[in-house]
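Working through the structure, step by step
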Amino acid sequence: MPYARMPHARPRAALPAALVVLPLLASAASAHAVLERKEASPNAAYRGVVQIMHGCDGRPTTRISVTIPEGVTGAKPMPKPGWTLATTRSAYAKPYPSFHGTVTEGVTTITWSGGSLPDDQVDEFTFLARVSDDFAPGATIYFPVEQDCSEGGYHWSEVPAQGQDTRALKSPAPAVRIVAAKAAAPAPVKAETEAKAAALAIETPWLRATPGGAKVAGGYVTVRNTGSEPDRLTGATLARAGRGEIHSMSTENGVMKMAPVEGGLPIAPGGTVALKPGGLHLMFLDLTDGLRAGETVSGTLTFERAGSVPVTFAVAPIGAQGPTQQGPGAAVPEAGSHAHHH
Ligand SMILES: [Cu+2]
């Protein structure tokens, strides 16, 4: 459901670079809503972790809504157990370069609601996004946050006027300072991006076919990092699924359990991460159509450093243990075998 737009909560324009001299961190101690990572680089992924430090006068927090400012593209929220996720999409003020040409619209607000975070506990609400190179080092980006409680609420949306001290603000918007990328390559941006993706060898992406009517499918792939920088698999999409998650699987007291992997899967330089049946896997949810053995389905893998990389998944039979195996195999079909509480 789209939420009402609050004009004061949508600073859609980049703010003047002159604001950077302000001591942004000074207000963090008093604000209830802060971003864990206070720096980002142009043309790079940003992992936004909104930390809620207090409720409202002792009341529990029941809703958090983050506004993604203009110039920050491809925002994707991380679902939270116990909270209902909603996003609104809007047209960007202008097109931004992306891996496949340009993007002209995307998620501009992310709302988690329906949970209850007691006043004396803290929690984190996470999204991934990309900072465009419209922001030069020295600029500041603001991510206004609305916090609603069982009674009352706050709009952490105030942005300092030029020359104003952030400490003068009663409810400052969480701020992120733009800094130059540490290993800034002299090569053009596009070549740099391709080189980052080239540092990853993505092997045999495959899916299990789904029994009739199933809304979830397991996906598997092996990723080797042949580069010299660490990277992190943070998400996956499938043309036929509403969303994708990275799951771990474990057996407790003989019962298989799976859970979303918080923060993605790190892949060290020279390292390999293998997603396969019975272990780490991709879980595609809200399928719009079943997956039939022998088909191929396009999708993407999202990496913190390499960004979004297109892949083609081959569909193996229901219950297959590997991408090349034919026949039903011995395994129980994935879709019905473990509870999904998403
Ligand atoms: Cu799963």
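Everything quoted here is computed from the prediction, not taken from an experiment.

Turning next to the overall build of the protein chain. Within the protein chain one finds two helices and 22 strands. Buried positions account for 36% of the 342 residues belonging to the protein chain. Across the protein chain, every contact between residues at least 6 apart in sequence was considered, and the portion connecting residues at least 24 apart equals 71%.

As a further point, take the pairing of strand β8 (residues 123-131). Sheet topology note: the strand β3 (residues 44-52)/β8 ladder contains nine bridges and is antiparallel. Residue pairing in the sheet places V50 in a bridge with F125 of β8. Examined bridge by bridge, strand β5 (residues 72-77) and β8 share four bridges and lie antiparallel to one another. Bridge pairing in β8 places K76 opposite L128.

Before going further, it helps to spend a moment on the sheet that holds strand β1 (residues 33-35). Spatially, the four strands line up as an open sheet ordered β1-β3-β8-β5, and their pairing is antiparallel. Either end of the sheet is taken by a strand with one partner, and the two such strands are β1 and β5. Direction aside, the axes of adjacent strands within the sheet are offset by 25° on average. Here β1 pairs with β3 via three bridges, running antiparallel.

Once that is clear, we can look at the confidence of the model for the protein chain. When the pLDDT values of the protein chain are averaged, the result is 81; 80% of them are 70 or greater. Averaged over each element, pLDDT in the protein chain is lowest for helix α2 (residues 334-337) (38) and highest for strand β4 (residues 61-67) (96). Counting contacts from residues 184-189, a segment whose pLDDT is below 50, to residues more than four positions away or on other chains yields four contacts.

What follows concerns the nonpolar core. Membership of the largest hydrophobic core comes to 33 residues, with the highest contact counts inside it found for A33, V50, I64, V66, I141, F143 and V145. Only β1, β3, β4, β5, β7 (101-117), β8, β9 (140-142) and β12 (175-178) provide two or more residues apiece to this core. Look past the residues within four positions of I64 in its chain and what remains in contact with it is V50, I52, W112, F125, V145 and Q147.

In this section: the sheet that holds strand β11 (residues 153-156). What the five strands build is an open sheet, ordered β6-β7-β4-β10-β11; its pairing is antiparallel. For this open sheet the edge positions go to β6 (84-98) and β11, each flanked by a neighbour on one side alone. Strand-to-strand twist across the sheet, computed as the mean angle between neighbouring axes with direction ignored, equals 15°. Relative to β7, β6 is paired through 11 bridges, and the arrangement is antiparallel.

What counts and what doesn't
- Residues numbered from 1 in each chain as written.
- Predicted model: local features only at pLDDT ≥ 70, side-chain atom pairs only at ≥ 80, totals over all residues.
- Helix = DSSP H or I, 4+ residues; strand = E, 2+ residues; numbered from the N terminus.
- Buried ≥ 20, exposed ≤ 12 C-beta atoms within 10 Å, placed from the backbone.
- Contact = placed C-beta atoms within 7 Å.
- Pairing = 2+ DSSP bridges.
- Axes fitted to C-alpha atoms, helices over the stretch in contact; angles between N-to-C directions.
- pLDDT = per-residue confidence, 0-100.
- Core = buried A, V, L, I, M, F, W, Y, C linked by C-beta atoms within 7 Å.

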